[in-house]
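# Coordinate inspection notes
Read off the chains here:
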Amino acid sequence: MEFDMRYQSDHKEEAKTKLLDAAGRGFRRQGFGGIGVDGLAKEAGVTSGAFYGHFKSKDAAFEAAAVAGLDNLRESIAKLQAEEGDRWTETFIDFYLGELLRCSPDNSCGLQSLTSDVTRSSKDTKTAYGMALESVAQQLADKLEGRTEEEKRRKAWSLMALLSGGVTMARSVASPELQDSIASHLKQAARLLLRH
């Protein structure tokens, strides 16, 4: 009987993870206002009833997806820091202003693609998102150079704002040449920021 209970628990958690991933893709691609529960359920390949079995509302799914997006970013940064050593900032900047700039909205970074919707969300969502955002900033700050913790935190917040805002700006133009120009200038600005 214990095996059956564990299987049911694992299966339910797996289904929720699949639904959360699908919700994240849907919200990143269409925005909070552009997709409803039926669309989120369809994205995950489940019924709307199954959706409500995991999330009490669209708002709850959005909060979970927004926080999961930042958790994924923090985990990716930690992995990059471990694998790239002293070159991690160069690799991170190039990746963010390269691949993440050009990927489809479905696969974009939650920091860049969901923050504007979070600004219009509930206090609970903003609180949960804020805590996850703090965690990303701390992950960055822990490996940045600086004389004090405050200086490293300043650099972390500035880098996050520059990269996510820069990608948002570059994605808003149709010209690939202008996108490249924006990305090039922002890469220089990010490197300069980290040197001071």
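Residues numbered from 1 in each chain as written. Predicted model: local features only at pLDDT ≥ 70, side-chain atom pairs only at ≥ 80, totals over all residues. Heavy atoms only, no water.

The protein chain carries the name TetR/AcrR family transcriptional regulator in an unreviewed UniProt entry, which gives Rhizobium sullae as its organism.

## Some points on the overall build of the protein chain
Each helix and strand counted, the protein chain has 10 helices and 0 strands in total. Reading the protein chain from its N terminus to its C terminus gives the helix and strand order α-α-α-α-α-α-α-α-α-α. Its C-alpha atoms give the protein chain principal-axis dimensions of about 60 × 40 × 30 Å. For the protein chain, long-range pairs separated by at least 24 residues make up 63% of all intrachain contacts whose partners lie at least 6 apart in sequence. As displayed, the protein chain has an accessible area near 11000 Å², and 53% of this comes from carbon and sulfur atoms. The protein chain carries 27 positive and 29 negative side-chain charges, and their two centres are separated by 4 Å. (Helix = DSSP H or I, 4+ residues; strand = E, 2+ residues; numbered from the N terminus. Contact = heavy atoms within 4.5 Å. Areas by Shrake-Rupley, 256 points an atom, 1.4 Å probe, with all protein chains shown as cover. Lys, Arg positive; Asp, Glu negative; His and termini not counted. Charge placed at Lys NZ, Arg CZ, Asp CG, Glu CD.)

## So, the environment of F51
Tracing the backbone through its elements, the reader meets F51 in helix 3 (residues 48–54). Sequence separation between F51 and E14 is 37 residues; the distance between their C-alpha atoms is 13 Å.

## Section: the packing of aromatic side chains
Geometry of an aromatic ring pair is reported as the spacing of the ring centres plus the angle between the planes. Within this structure, the stated rule accounts for 7 aromatic pairs. Centroid distance F27 to F62: 5.1 Å. Interplanar angle 85°. Geometry classified as edge-to-face. Placement of the pair is F27 in helix 1 (residues 2–30) and F62 in helix 4 (residues 58–84), with a sequence separation of 35 residues. Overall, the relative accessible area of 2% leaves F62 in the buried class. Here K58 stacks its cationic end above the ring of F32, 4.1 Å away from the centre of that ring. (Phe/Tyr/Trp six-rings, centres within 6.5 Å; stacked < 30°, edge-to-face > 60°. Buried < 20%, exposed > 50% of the residue type's maximum accessible area, 1.4 Å probe, protein only. Lys NZ or Arg CZ within 6 Å of the ring centre and 35° of its normal.)

## Details of empty space enclosed by the protein
Using the criterion set out here, one finds 1 cavity of 30 Å³ or more in the structure. By volume, the largest cavity amounts to about 40 Å³. Looking at the largest cavity, the residues that line it are L73, I77, F92, Y96, L111, V136, L140, L159, M160 and L163. Of all the secondary-structure elements, those providing two or more residues to the lining of the largest cavity are helix 4, helix 5 (88–96), helix 8 (123–142) and helix 9 (149–171). Class assignment for the residues of the lining of the largest cavity results in 10 nonpolar, no polar and no charged. (1 Å grid on protein atoms, 1.4 Å probe; cavity = no way out; pocket = protein on both sides within 12 Å on 5 of 7 lines; lining within 4 Å. Points joined across faces, edges and corners; volume = space filled by probe spheres on them. Nonpolar A, V, L, I, M, F, W, Y, C, P; charged D, E, K, R; others polar.)

## Some thoughts on the nonpolar core
Soluble globular proteins: nonpolar side chains tend toward being buried together. Ranked by internal contacts, the top residues of the largest apolar core, which has 55 residues, are F27, F92, Y96, L111, L140 and L159. Top element by residues in this core is helix 4. It accounts for 9 residues. With sequence-adjacent residues up to four places away left out, L140 is seen in contact with I77, Q81, W88, F92, A156, L159 and M160. (Core = buried A, V, L, I, M, F, W, Y, C linked by side-chain atoms within 4.5 Å.)

## Brief notes about the UniProt feature "DNA-binding region" (unreviewed entry) in the protein chain
Residues annotated by UniProt as "DNA-binding region" (unreviewed entry) correspond here to residues 36–55. Along residues 36–55 one finds 75% helix and 0% strand; the C-alpha atoms at either end are 13 Å apart. (UniProt positions renumbered as here; feature names shortened; annotations may be inferred.)

## What about the layout of surface pockets?
The volume enclosed by the largest pocket comes to roughly 510 Å³. Around the largest pocket, the lining is made up of 25 residues, and of these N72, L73, S76, L100 and N107 lie nearest the centre. Elements supplying a minimum of two residues to the lining of the largest pocket: helix 1, helix 4, helix 5 and helix 6 (99–102). Looking at the lining of the largest pocket, the element that brings in the most residues is helix 4, giving 10 residues. By volume, the second largest pocket is sized at about 200 Å³.

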